[in-house]
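Residue strings, one per chain:
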Amino acid sequence: MAQPHPITTPLWTVVGQGAIGLLATARLHQAGYPVQLHRRTSAPFDFMFQSADDAFSLSLHTPLKIPYSFVLLPVKAYAVVDAVQQLLPLLAENAQLVLSHNGMGTIEQVLPLLKPKQGLWFLSTSHGAFKANQTTVIHSGKGQSVLGALNQAAFAQQQSVEKAMQAALGPLVVEDDIKPSLWLKLAVNAVINPLTALHQCKNGELSRSHYTSAITLLIEEFVRVANAAGQDFSVEAIQNRVKQVIEQTAENYSSMQQDFVKGRRTELEYITGFLLRQAEQHQLQLPAHQAIYQLLLQKSPR
Ligand SMILES: NC(=O)C1=CN([C@@H]2O[C@H](COP(=O)(O)OP(=O)(O)OC[C@H]3O[C@@H](n4cnc5c(N)ncnc54)[C@H](OP(=O)(O)O)[C@@H]3O)[C@@H](O)[C@H]2O)C=CC1
Ligand SMILES: CC(C)(CO)C(=O)C(=O)O
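Just so it is clear, the structure is predicted and the values come from calculations on it, not from any experiment. (Residues numbered from 1 in each chain as written. Chains lettered and ligands numbered in written order. Predicted model: local features only at pLDDT ≥ 70, side-chain atom pairs only at ≥ 80, totals over all residues.)

*Asks:* Run through the overall build of the chain, naming residues and quoting values.
*Replies:* Secondary structure assignment for the chain yields 10 helices and 11 strands. Taken over the C-alpha trace, the chain has a radius of gyration of 20 Å; the compact-globule value for 302 residues is 19 Å, and the two agree within 12%. Based on the C-alpha atoms only, the size of the chain along its principal axes is roughly 70 × 40 × 30 Å. Evaluated residue by residue, the chain yields a buried proportion of 40% over its 302 residues. (Helix = DSSP H or I, 4+ residues; strand = E, 2+ residues; numbered from the N terminus. Rg over C-alpha atoms; globule rule 2.2 N^0.38 Å. Buried ≥ 20, exposed ≤ 12 C-beta atoms within 10 Å, placed from the backbone.)

Structure representation (structure tokens):
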């Protein structure tokens, strides 16, 4: 008689020890997934997770199990390609890799690095998390996530990846084509992030009439380049989305504002920079985005 296959829960490897990575790690652990952290050092790592409903600590001490079959890569956009290059020798032949970050432009760089059976995914999230200190992560805002497969090899493990990402950063919407969602997130980030970094203000400040004309210009330019790139957005739809996010996150400081004020590298190159590169390809001028990009570069301590 044939033996039934044992039902195993796959081991996930989360890269880094950032806010989103630790949030995902804690939630995977809560859902019963074995999970390990691929960090810059191999020292043992304990951390504390806190949310509105929960608080617990997690010890991740066992040596890393390689090759990695399921990997979540929630690092800043500018760190993605280096991280993937470092991971390549550690990935299984049919590994599944989930990118998660703000901004765009990394997918095209990562796809050619993978082997034919290695699947690539993108997860875009509106969850909020921050590190209160090196070893404490706070789940500060319940959000949701959008997940999409980026190559054919991703479909070989579709159910496993979707189920795990539901646990890690759900509630989850799975899109056949994630690009429109990424462009919509880009619109929000290309308006709110540079303005809040430049004016050193909370997101909610941008609802003041003082910012109306700058926001309108940035949105009109965004829509021109998005349309040229084949994304069918109207100015009105983007205005409504940006207004909604400004209201919903009124008390937040954007990630770019925080990086900028702390003198850390920002994701400007993958947000406004990406938009400007797209505009160039389509022979469009984006004077408002160009101006804010130059101002932030000049003022940036790095
Ligand atoms: N935090 C949030 O609430 C939200 C964040 N996002 C986006 O998600 C992404 C991740 O955000 P967040 O978690 O805040 O970012 P962090 O910078 O806090 O976390 C990234 C982590 O990855 C580590 N890392 C980078 N490269 C490597 C590598 N090659 N090997 C090992 N570790 C590496 C970093 O280490 P080191 O510091 O040493 O470089 C850091 O610990 C960003 O794009 C952000 O914009 C989106 C929505 C909400
Ligand atoms: C949505 C927003 C603007 C929330 O602050 C964000 O994604 C960020 O800060 O990077």
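*Asks:* Explain the domain arrangement of the chain to me, and be specific about the residues and the numbers.
*Replies:* Often, the extent of an interface is quoted as the loss of accessible area on bringing the components together. You can read the domains of the chain as domain 1 (12-176) and domain 2 (180-299). Counting residues at the interface gives 11 residues for domain 1, matched by 12 residues for domain 2. When grouped by side-chain class, the residues that make up the side of domain 1 that touches domain 2 number 5 nonpolar, 4 polar and 2 charged. (Domains from an automatic or database assignment. Contact = placed C-beta atoms within 7 Å. Nonpolar A, V, L, I, M, F, W, Y, C, P; charged D, E, K, R; others polar.)

*Asks:* Give a description of the nonpolar core that names residues and reports values.
*Replies:* Counting 80 residues, the largest nonpolar core has Val 98, Trp 121, Val 191, Phe 222 and Val 242 as its most contacted members. Broken down by element, this core gets its largest block of residues, 10 residues, from helix α5 (residues 179-199). Two domains each donate at least three residues to this core, and these are domain 1 (12-176) and domain 2 (180-299). (Core = buried A, V, L, I, M, F, W, Y, C linked by C-beta atoms within 7 Å.)

*Asks:* Give me the lowdown on the UniProt feature "domain: Ketopantoate reductase C-terminal" (unreviewed entry) in the chain, citing residues and values where you can.
*Replies:* If you check UniProt for "domain: Ketopantoate reductase C-terminal" (unreviewed entry), the listed places come out as residues 177-299 in our numbering. A distance of 37 Å separates the end C-alpha atoms of residues 177-299, which is 67% helix and 0% strand. (UniProt positions renumbered as here; feature names shortened; annotations may be inferred.)

*Asks:* Outline the site of ligand 1, listing residues and values.
*Replies:* The local shell around ligand 1 holds 25 residues, among which Gly 16, Gly 18, Ala 83, His 101 and Asn 102 are the closest. Listing elements by their share of the shell around ligand 1, those giving two or more residues are α1 (19-30), α2 (80-87) and β8 (128-133). Class assignment for the residues of the shell around ligand 1 results in 9 nonpolar, 11 polar and 5 charged. (Near = placed C-beta within 6 Å.)

*Asks:* Kindly report on the site of ligand 2, identifying the contributing residues and their values.
*Replies:* Ligand 2 sits among Asn 102, Val 188, Asn 189, Ile 192, Asn 193, Asn 203, Val 245, Thr 249, Asn 252, Ser 254 and Ser 255. Its residues assigned to classes, the shell around ligand 2 comprises 3 nonpolar, 8 polar and no charged.

*Asks:* How would you sum up the pairing of β8? Please name residues and give values.
*Replies:* It is a general feature of regular strands that their side chains alternate between the two faces of the sheet. Here β8 pairs with strand β9 (residues 136-141) via 5 bridges, running antiparallel. Residue pairing for β9: Gly 128 is matched across the bridge by Gly 141. Following β8, the chain reverses through 2 residues before pairing antiparallel with β9. (Pairing = 2+ DSSP bridges.)

*Asks:* I'd like a rundown of the packing of helix α9 (residues 272-281) against helix α10 (residues 287-299), residues and numbers included.
*Replies:* Close contact between α9 and α10 brings their axes to 10 Å; oriented N to C, the two are set at 140°. Between α9 and α10, the interaxial angle falls into the category oblique. Of the two elements, α9 crosses α10, and the hand of that crossing is left-handed. For the pair formed by α9 and α10, the contact residues are Thr 272, Gly 273, Leu 275 and Leu 276 on the first element and His 289, Gln 290, Ile 292 and Tyr 293 on the second. (Axes fitted to C-alpha atoms, helices over the stretch in contact; angles between N-to-C directions. Parallel < 35°, antiparallel > 145°, perpendicular 65-115°, else oblique. Left-handed = near helix turned anticlockwise from the far one by under 90°.)

*Asks:* Break down helix α6 (residues 212-228) for me, with residues and values.
*Replies:* In this model, α6 (17 residues) spans 25 Å end to end at C-alpha, consistent with the 24 Å of a helix rising 1.5 Å per residue. Turning to α6, its buried residues are Ile 215, Leu 218, Ile 219, Glu 221, Phe 222, Val 223, Val 225 and Ala 226. Where α6 is buried, its residues touch α5, α7 (235-248), α9 and α10. Trailing α6 by a residue or two, Gly 230 shows a phi angle of about 90°, which is positive. (Expected span 1.5 Å × (residues − 1).)

*Asks:* So what about the sheet that holds strand β10 (residues 145-149)? Which residues, and what values?
*Replies:* An order of β2-β1-β5-β6-β7-β10-β11 is seen for the 7 strands of this open sheet, with the pairing classed as mixed. Either end of the sheet is taken by a strand with one partner, and the two such strands are β2 (35-38) and β11 (172-175). Here the strands of the sheet are splayed against their neighbours by 25° on average, with no regard to which way each runs. Looking at chain direction, strand β1 (residues 12-15) and strand β5 (residues 68-73) are connected through 3 bridges and run parallel.

*Asks:* A description of the sheet that holds β9 should follow, citing residues and the corresponding values.
*Replies:* Judged by pairing direction, the sheet is mixed, and its 4 strands sit side by side in the order β4-β3-β9-β8 without closing on themselves. Across the chains shown, the open sheet's two edge strands, defined by having one partner strand only, are β4 (55-60) and β8. For this sheet the average axis-to-axis angle between neighbouring strands, irrespective of direction, equals 25°. Running over the sheet, α1 touches β3 (45-50), β4, β8 and β9 and is turned about 100° from β8.

*Asks:* Any chance you could break down the confidence of the model for the chain for me, citing the residues and the numbers?
*Replies:* Chain-level statistics for the chain give a pLDDT mean of 95 and a share of 97% at 70 or above. Between residues 1-6, whose pLDDT stays under 50, and residues either more than four places distant or in other chains, the model counts 0 contacts. Across the predicted assembly, pTM comes out at 0.96 and ipTM at 0.98. (pLDDT = per-residue confidence, 0-100.)

*Asks:* Hey, could you go over the UniProt feature "domain: Ketopantoate reductase N-terminal" (unreviewed entry) in the chain for me, with residue numbers and the actual values?
*Replies:* Following the UniProt record, one finds the feature "domain: Ketopantoate reductase N-terminal" (unreviewed entry) at residues 12-151. A helix fraction of 17% and a strand fraction of 42% characterise residues 12-151, whose end C-alpha atoms lie 20 Å from each other.

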